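Report on the structure
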Amino acid sequence: NWQQRPTTGPLTSGRRNFGMAYDAVRQRVTLFGGENNSSPGPVDTEEWDGTAWAQASPVTSPTARYGVSMAFDDQRQRLVLFGGNTNGDQTWTRGQLGTVATATPFGNGCGNPPLALATAAGQRPVIGQNGGATLAGVPTTVAAVAIGWSRSQYGPFALPVTLGGIGMQGCDLLQSTDVFGLPAVATGPGSAEFTTALPNVLGLVGTRVYLQGYAFAPGANALSVIVSNGVEWFIGDL
C-alpha cells in the first residue's frame, strides 16, 4: 500500500522534471535539479534516508537543469545523470572516489636467479576488475602467491623475517601471509601468472595488501622452496 511520508528537511517546496535514483552505496535516494516557480530552477542535490531530506554539498555538480535522467550504475557503484533542458548531451557521475590503484614492489627475492614478482600489464588492483601479478625466474611449474594484510608484523615477529631457520637460506618473509596457497599458473618457461577478481566494493578503496610469491625449487636450499620480492597493492577505483 502507498503511505504518505512526512516531508522534513530542506526539500520543502514541490518541483517537477527532476532526476532521482537510489544510491546503493550511500543508501539514500538522491534527487538533483528539476524546475519549480523560480528561474533557472533548483540546482541542489538532495538525499532522503527514508525519514528526512537533507541537502548534500558536493564539491562540483551539474548546472541547473530539468528533464534529466538519472540511474544507479551497479557495476561501477555510482550514480549516472544524463541530459536535461540545458547541456543535454552531458553525462555526469557521482560516487567515484577518484583513487588511483597502484602496485609497488618492495624487498628482494631469493634463488638463482631470484624469484621476481611484478604487476601484470593492465591488472592493477582496481575494484570490480582483475588484479594480477607475474612471476619470473620460476624453476618449476609449481608456484603460488600469498597475501598479507601487513608488511610490518607477522604474529609476534617484526617483518621481514629471515627464513634460514626453516631451511630457506637467503630468503625473507616480507608480509604476514594471511591468505596462503593462491595458485600461479605457468605461462611459459620460468614464468607464471596470478590473477584474482577484486570485489566491486567501494569500502575496499584505500586498502593496502601485500603479495609475495613462492615456488618449488629443488636443490635451491634445504627446503627446496624460494620466495619472491613483495608487491604492495593500494586498492583504488581508478
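These notes cover the structure that comes with them. As the structure is a computational prediction, the values presented were derived from the model and not from experiment. (Residues numbered from 1 in each chain as written. Predicted model: local features only at pLDDT ≥ 70, side-chain atom pairs only at ≥ 80, totals over all residues. Heavy atoms only, no water.)

A word on the packing of aromatic side chains
For the structure on display, the rule yields 3 aromatic pairs. With centroids separated by 4.9 Å and ring planes inclined at 5°, the aromatic side chains of Phe 180 and Tyr 214 adopt a geometry described as stacked. Of this pair, Phe 180 sits in strand 16 (residues 179-183) while Tyr 214 is found in strand 19 (residues 208-216), placing the two residues 34 residues apart along the sequence. The exposed category is assigned to Phe 180, whose relative accessible area is 58%. In this structure Tyr 214 comes out as buried when scored by relative accessible area, which is 17%. The residue whose ring lies beneath Arg 151 is Phe 106, and the NZ or CZ to ring-centre distance is 3.9 Å. (Phe/Tyr/Trp six-rings, centres within 6.5 Å; stacked < 30°, edge-to-face > 60°. Helix = DSSP H or I, 4+ residues; strand = E, 2+ residues; numbered from the N terminus. Buried < 20%, exposed > 50% of the residue type's maximum accessible area, 1.4 Å probe, protein only. Lys NZ or Arg CZ within 6 Å of the ring centre and 35° of its normal.)

Remarks on the pairing of strand 10 (residues 130-136)
Sheet topology note: the strand 9 (residues 116-119)/strand 10 ladder contains 4 bridges and is antiparallel. Bridge pairing links Leu 117 to Leu 135 in strand 10. (Pairing = 2+ DSSP bridges.)

Topic: the layout of surface pockets
A volume near 410 Å³ is recorded for the largest pocket. Residue lining of the largest pocket: 24 residues in total, with Pro 58, Thr 60, Thr 93, Arg 94 and Gly 95 positioned closest to the centre. Counting residues per element, the ones that place at least two in the lining of the largest pocket are strand 2 (28-32), strand 6 (78-82) and strand 7 (91-94). Ranked by residues supplied to the lining of the largest pocket, first place goes to strand 6 with 4 residues. Each pocket or cavity is described by its volume, and for the second largest pocket that value is around 270 Å³. Lining the second largest pocket we find 16 residues, and of these Leu 163, Leu 173, Thr 177, Phe 180 and Val 227 sit closest to its centre. (1 Å grid on protein atoms, 1.4 Å probe; cavity = no way out; pocket = protein on both sides within 12 Å on 5 of 7 lines; lining within 4 Å. Points joined across faces, edges and corners; volume = space filled by probe spheres on them.)

A short note on the pattern of salt bridges
When the charged atoms of two side chains with opposite charge come close together, those side chains can pair. This structure, assessed with the given rule, holds 6 salt bridges. Ionic pairing is found between Arg 94 and Glu 47, a salt bridge with its closest N-O pair at 3.0 Å. Of this pair, Arg 94 sits in strand 7 while Glu 47 sits in strand 3 (residues 45-48); the two residues are 47 residues apart in sequence, bridging distant segments of the chain. Under the relative-accessibility criterion, Arg 94 is labelled partly exposed at 22%. Relative accessible area serves as the criterion here: at 8%, Glu 47 is assigned to the buried category. Glu 232 is paired through a salt bridge with Arg 208; the nearest N and O atoms lie 2.7 Å apart. Of this pair, Glu 232 sits in strand 20 (residues 225-234) while Arg 208 is found in strand 19, placing the two residues 24 residues apart along the sequence. The exposure class assigned to Glu 232 is buried, which follows from its relative accessible area of 13%. Connected through salt bridges with shared partners, the residues Arg 151, Arg 208 and Glu 232 form a single ionic network. (Salt bridge = Lys/Arg side-chain N within 4 Å of Asp/Glu carboxyl O.)

Structural notes on the nonpolar core
The tendency in soluble globular proteins is for nonpolar side chains to be buried side by side. The biggest cluster of nonpolar side chains holds 30 residues, and the ones touching the most others in it are Leu 135, Val 138, Phe 194, Leu 211, Val 227 and Trp 233. Going through the elements one at a time, strand 10, strand 11 (143-148), strand 18 (191-197), strand 19 and strand 20 are the ones with two or more residues in this core. Take this core: its biggest share by element is 5 residues, from strand 11. Sequence-distant contacts of Val 138, defined by excluding residues within four places in its chain, comprise Leu 115, Ala 143, Gly 190, Ser 191, Ala 192 and Ala 215. In terms of nonpolar packing, the next biggest core, distinct from the first, is built from 6 residues, Phe 32, Val 68, Met 70 and Leu 79 among them. (Core = buried A, V, L, I, M, F, W, Y, C linked by side-chain atoms within 4.5 Å. Contact = heavy atoms within 4.5 Å.)

Re the sheet that holds strand 7
Where strands meet in a sheet, backbone hydrogen bonds hold them as pairs that are either parallel or antiparallel. Strand order across the open sheet formed by 3 strands is 5-6-7, with antiparallel pairing between neighbours. Strand pairing shows two members of the sheet lacking a second neighbour, strand 5 (69-73) and strand 7, which therefore form its edges. Neighbour-to-neighbour, the strand axes of the sheet open up by a mean angle of 25°, direction not taken into account. As judged from the 4 bridges shared by strand 6 and strand 7, these two strands associate in the antiparallel manner. Within strand 7, the residue paired with Phe 82 across the bridge is Thr 91. (Axes fitted to C-alpha atoms, helices over the stretch in contact; angles between N-to-C directions.)

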